[in-house]
Amino acid sequence: MGNRPYWPNETVCSVDDESRKGSALRSFSGRDILSLKGFERAEFDHVFEVAEGLEPLARERRNSDLLSGKTLVTAFYQPSTRTRLAHESAMIRLGGQVTGFADAKMTRAGDFYQESIKDTVHMLEYYGDVIVMRHFQQGAPQEAARWASIPVINAGDGWGEHPTQVLTDLYTVQREMGTVDGLKFVCIGDMRMRTMHSIAYALTQFDAEMIAIAPPEMSLTDEFKAEIAEQNLFIREADHIQDVISEADVIYMEPVVQADYTKGRDEREGGDLPTTPDNYRVTRKLLETAKPSSIILHSLPRMDELPADVDGTRHARYWQEAYYGVVMRMALLALVLGAAE
Ligand code: CP
């Protein structure tokens, strides 16, 4: 959230400073959620706690008035099914209102004028109380946060990060397995993906291990691995899922048949897509060698790396992950809008 140039005495949300005395936890009220780099363990624990408190609303399909009078603005410069609608659903569950766009082509940012993020955000900040932005340019939500006087939530920026998805994923692990600590995450797929960056940053805060399996041209960069290693997460790499699946507690998947995330829209012109090599596929047959307790997470959409017949196995948790996506967005919206401390 940038500086507000007008009405300097006005606050967007009130913060109960008394209640935070003696607490080392930074307040979420008014904060942007842009990256999981630097997101601390106590903050993960706190967000999970708030999510658990709000979960009955989603489970019982009830709405509340926690955010009545507040409006969410969605600014989606790239397609989305889950992230946008989960935020909108979360806002509605909490009694708030929603406005925004799901296709920048219908705005001045996507036509002749190519209106800048700065100019666009200087409009959006007057239309609501929090902005959720997805953009094809890495760093665009950070740029928006520089200019906005209201919190900005990163809903995925190019190949950069996808913090709310990974908060959802770790909350799913917490709820389904009772803990994130002590678990081995086998991450399989395109390591350039924003979820893979966010999960690596997140796992530095837990007593967890990470194994990465990706085609060489989609592997983690040495710079990124070094950055993560500085925080004591030493990422192991493997060539084939069959070599490590028996070690996995969490199988964390992304496609390797992948869209270009630096584009606003990937409209393919027909023609056959490549198929996923066995190294990066999780099949029902392969799961016979997995721990019975292991779970599969996939933020979706999927290609052929995760066949539909895996959905009926004991390992599949991606539908639960989608459900927890609403719960997590309720928690984040309540926190940044100051309705939960
Ligand atoms: N997981 C995810 O980001 O899905 P959408 O692209 O549908 O939002």
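Residues numbered from 1 in each chain as written. Predicted model: local features only at pLDDT ≥ 70, side-chain atom pairs only at ≥ 80, totals over all residues. Heavy atoms only, no water.

## Some points on unusual backbone geometry
No. 1: With an omega of 5°, the peptide bond between L300 and P301 qualifies as cis.
No. 2: By secondary structure assignment, the location of P301 is in the loop between β9 (295-298) and α10 (318-336).
No. 3: One non-glycine residue with positive phi stands out, namely R61, at about 50°.
No. 4: Mapped onto the elements of the fold, R61 is located in the loop between α2 (41-59) and β1 (71-76).
No. 5: Even without being a glycine, N232 presents a positive backbone phi close to 70°. (Helix = DSSP H or I, 4+ residues; strand = E, 2+ residues; numbered from the N terminus.)

## Focus on the packing of aromatic side chains
No. 1: Enumeration over the complete set of coordinates arrives at 12 aromatic pairs.
No. 2: Each ring, one from F39 and one from F44, has its centre 4.8 Å from the other, and the planes form 65°; the classification is edge-to-face.
No. 3: Judged by relative accessible area, which is 0%, F44 ranks as buried.
No. 4: A cation over an aromatic ring shows up here: R31 above the ring of F28, its NZ or CZ 4.3 Å from the ring centre.
No. 5: Lying over the aromatic face of W159, R192 brings its terminal NZ or CZ to 4.4 Å of the ring centre. (Phe/Tyr/Trp six-rings, centres within 6.5 Å; stacked < 30°, edge-to-face > 60°. Buried < 20%, exposed > 50% of the residue type's maximum accessible area, 1.4 Å probe, protein only. Lys NZ or Arg CZ within 6 Å of the ring centre and 35° of its normal.)

## Re the environment of P56
No. 1: Tracing the chain through its elements places P56 in helix α2.
No. 2: Residue classification places P56 among the partly exposed residues on the basis of a relative accessible area of 21%.
No. 3: For the pair P56 and V327, spaced 271 residues apart in sequence, the C-alpha to C-alpha distance is 9.0 Å.

## As for the pairing of strand β2 (residues 97-101)
No. 1: Here 5 bridges tie β1 to β2, and the two strands are oriented parallel to one another. The residue bridging V73 from the neighbouring strand is T99, located in β2.
No. 2: On the question of chirality, the crossover connecting β1 to the parallel β2 by way of helix α3 (residues 82-93) is right-handed. (Pairing = 2+ DSSP bridges. Right-handed = clockwise from strand over helix to strand, strands pointing away.)

## Brief notes about the packing of α2 against helix α6 (residues 163-177)
The packing of two helices is summarised by the inter-axis angle and the distance between the axes.
No. 1: At their nearest, the axes of α2 and α6 sit 11 Å apart, and the two run at 75° to each other. Judged by the inter-axis angle, α2 sits roughly perpendicular to α6. Across the interface between the two elements, F44, F48, A51, E52, E55 and R59 of α2 pack against L167, L170, Y171, Q174 and R175 of α6.
No. 2: Here the residues of the contact of α2 with α6 are counted per class, giving 6 nonpolar, 1 polar and 4 charged. (Axes fitted to C-alpha atoms, helices over the stretch in contact; angles between N-to-C directions. Parallel < 35°, antiparallel > 145°, perpendicular 65-115°, else oblique. Contact = heavy atoms within 4.5 Å. Nonpolar A, V, L, I, M, F, W, Y, C, P; charged D, E, K, R; others polar.)

## Regarding α2
No. 1: Taking 1.5 Å per residue, 19 residues should reach 27 Å; α2 reaches 26 Å between its end C-alpha atoms and fits that length.
No. 2: Where α2 bends most, the angle comes to about 40°, and this point is G53, followed within four residues by the proline P56.
No. 3: Those residues of α2 lying buried are E43, F44, H46, V47, F48, V50, A51, L54, E55, L57 and A58.
No. 4: Buried residues along α2 sit against α3, α6, α7 (194-203) and α10.
No. 5: Of the residues one or two after α2, R61 is the one with positive phi, at around 50°. (Expected span 1.5 Å × (residues − 1). Bend = angle between axes of the 7 residues up to and from the residue.)

## Examining the sheet that holds strand β3 (residues 130-135)
The strands making up a sheet associate through hydrogen bonds between their backbones, and the pairing can be parallel or antiparallel.
No. 1: Strand order in this open sheet of 4 strands is β2-β1-β3-β4, and the pairing throughout is parallel. Edge positions in the sheet fall to β2 and β4 (152-157), since each of these pairs with one other strand and no more. Between one strand axis and the next, the sheet turns through 15° on average, direction left out of account.
No. 2: Running over the sheet, helix α5 (residues 140-147) touches β3 and β4 and is turned about 160° from β4.

## Details of the domain arrangement of the chain
No. 1: In terms of domains, the chain is made up of domain 1 (26-161 + 325-336) and domain 2 (163-259 + 276-322).
No. 2: Here the C-alpha centroids of domain 1 and domain 2 sit 25 Å apart.
No. 3: The partner domain 2 presents 29 residues to the 34 residues of domain 1 that form the contact.
No. 4: Both faces combined, the contact of domain 1 with domain 2 buries some 2600 Å², and carbon together with sulfur accounts for 59% of it.
No. 5: Inspection of the region where domain 1 meets domain 2 yields 4 salt bridges.
No. 6: For R41, the salt bridge is made with D181, and the minimal N-O distance between the two is 2.8 Å. (Domains from an automatic or database assignment. Buried area = accessible area lost by both parts, 1.4 Å probe. Salt bridge = Lys/Arg side-chain N within 4 Å of Asp/Glu carboxyl O.)

## Some remarks on the packing of α6 against α10
No. 1: In contact at an axis separation of 8 Å, α6 and α10 are set at 115° when each is read in the N-to-C sense. Taken together, the axis directions place α6 and α10 in an arrangement best described as roughly perpendicular. Crossing of α6 over α10 shows right-handed handedness. Here α6 contributes T164, Q165, L167, T168, D169, Y171, T172, R175 and E176 to the contact with α10, which in turn contributes Q320, E321, Y324, G325, V327, M328, R329 and L332. (Left-handed = near helix turned anticlockwise from the far one by under 90°.)

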